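Structural overview for review
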Amino acid sequence: MCGIAGFFDGNKILDKEQLWSYNKELYKRGPDSNDIYIDKNEFGNVGLSHVRLSILDLSSLGKQPMIYNNLTIVLNGEIYNYISIKEELKTLGYIFESTTDTEVVLQGFDAWGSDIVKKLRGMFAFSIYNKISKKIFLCRDRIGVKPLYYNFEDNRLIFGSELKVFFNTSGFVKNVSSKSLKTFLNIGYVPHPNTMISNVFKAEVGSWTIFDLVSSKIETIKYWDYSSFFKEDKFEGDFEEAVNESESLIKESCELRMLSDVPVGTFLSGGFDSTLVTTLLQKDRTDKIKTFTIGFSEGIDESKDAKIIS
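What counts and what doesn't
- Residues numbered from 1 in each chain as written.
- Predicted model: local features only at pLDDT ≥ 70, side-chain atom pairs only at ≥ 80, totals over all residues.
- Heavy atoms only, no water.
- Core = buried A, V, L, I, M, F, W, Y, C linked by side-chain atoms within 4.5 Å.
- Buried < 20%, exposed > 50% of the residue type's maximum accessible area, 1.4 Å probe, protein only.
- Contact = heavy atoms within 4.5 Å.
- Helix = DSSP H or I, 4+ residues; strand = E, 2+ residues; numbered from the N terminus.
- Pairing = 2+ DSSP bridges.
- Axes fitted to C-alpha atoms, helices over the stretch in contact; angles between N-to-C directions.
- Phe/Tyr/Trp six-rings, centres within 6.5 Å; stacked < 30°, edge-to-face > 60°.
- Lys NZ or Arg CZ within 6 Å of the ring centre and 35° of its normal.
- Polar contact = N/O pair within 3.5 Å; in protein donor to acceptor, adjacent residues only side chain to side chain.
- Expected span 1.5 Å × (residues − 1).

Time to look at the nonpolar core. Of all hydrophobic cores here, the largest spans 27 residues; its most connected members are I73, L120, F124, F126 and W208. Aside from chain neighbours lying at most four places away, what touches I73 is Q64, P65, M66, T102, V105, L106, F126, S127 and I128. Listed in part, the 17 residues of the second largest apolar core include L138, Y150, L157 and A203.

Quick look at the environment of V262 now. Counting through the fold element by element, V262 comes out in the loop between α6 (239–256) and β13 (265–267). In this structure V262 comes out as partly exposed when scored by relative accessible area, which is 30%. With 89 residues separating them in the primary sequence, V262 and V173 have C-alpha atoms 41 Å apart. Beyond its immediate chain neighbours, meaning those up to four positions away, V262 contacts S54, I55 and L58.

In this section: the sheet that holds strand β5 (residues 71–79). With respect to topology, 6 strands assemble into an open sheet ordered β4-β5-β6-β7-β11-β12, the strand pairing being antiparallel. Two strands bound the open sheet, and with one partner strand each, they are β4 (66–68) and β12 (217–222). Strand-to-strand twist in this sheet, taken as the mean axis angle between neighbours without regard to direction, amounts to 20°. Along the sheet, helix α3 (residues 101–112) makes contact with β4, β5, β6 (122–130), β7 (135–140) and β11 (207–212), crossing β5 at roughly 130°.

Summed over all chains, the structure comprises 13 aromatic pairs. Directly above the aromatic system of F167 lies the positively charged group of K174, at a separation of 4.4 Å from the ring centroid.

Among the structural elements, N45 can be located in strand β3 (residues 44–52). On the basis of relative accessible area, N45 is assigned to the buried category, the value being 4%. Only 3.1 Å separates the side chain of N45 from the backbone oxygen of L14, close enough to count as a polar contact. When neighbours within four sequence positions are excluded, N45 is seen to be in contact with F7, F8, D9, K12, I13, L14, D39 and K40.

Our focus in this paragraph is α3. The end-to-end C-alpha distance of α3, which contains 12 residues, comes to 16 Å, matching closely the 16 Å that a straight helix rising 1.5 Å per residue would cover. Most of α3 sits out of view: 9 of its 12 residues are buried. Of all the residues in α3, the buried ones are D101, T102, E103, V104, V105, L106, Q107, G108 and F109. Each element contacted by the buried residues of α3 is listed here: β4, β5, α2 (82–91), β6, β7 and β11. Near the N-terminus of α3, the side chain that reaches the backbone nitrogen of E103, with its oxygen 3.2 Å away, is that of T100. G113 sits one or two residues past α3 and shows a positive phi near 65°.

Dropping the structure here:
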């Protein structure tokens, strides 16, 4: 799962101790390792912290924050097509020390800038700090699978994977947003980009949120929108071709998610979705896929169905 957090403090108050407190708060998201990065410059203090749940490259080479030239990254998530992007970067002369997807994103950003995100297939939330341009880049995946929140006020930017990051920041005043509370009571959730806390926002999905240390300004640039799919050419095959194409796409998508240096299994409810995923993954394998199910003594219990499928 992993967890990220960080800040820019133009008042130069937040320091290493604050970063270590973030890691302590986020420990449950990444118990395998944790570390911090800090840069003190004329505009203020920049800090990044990361707690790691190891999935790819279990060695210390996969630790974050990860640095390449003037860039430092902290990432939460998985990039499923990182191997093909890595091969492309190798043709450009890039050399890799680890076998992580994080290093691919980092060097990809060095090669292509913000366009790297157009190549990524995965679920992710990450921050990249450019020490030369003095900019902090926050990025979130296309539909917001991975969480990322930020607060910007009083010449100070704070961001993290959980709201607890803000509650644990020195000088942060926690106030419930009356507007968000009313909305929650009306519809049962708080719509994007607001949160239940005043002045804390969800980073826009499918977007870059860019903070400039020099101008102390923040902007959001959208790199993807679901509506673009409606502008693409429609499938013109017959029913059987549509079935085959659908199976091929779903199987490829599932296979990409099996890349891991730790055991992988599926949550099996017995419903259509998890049954389809498990069946396609098992189809061409001799080793049995590990499946996991949760049963309930009261209410709706699908464990019996899951057992039949298993």
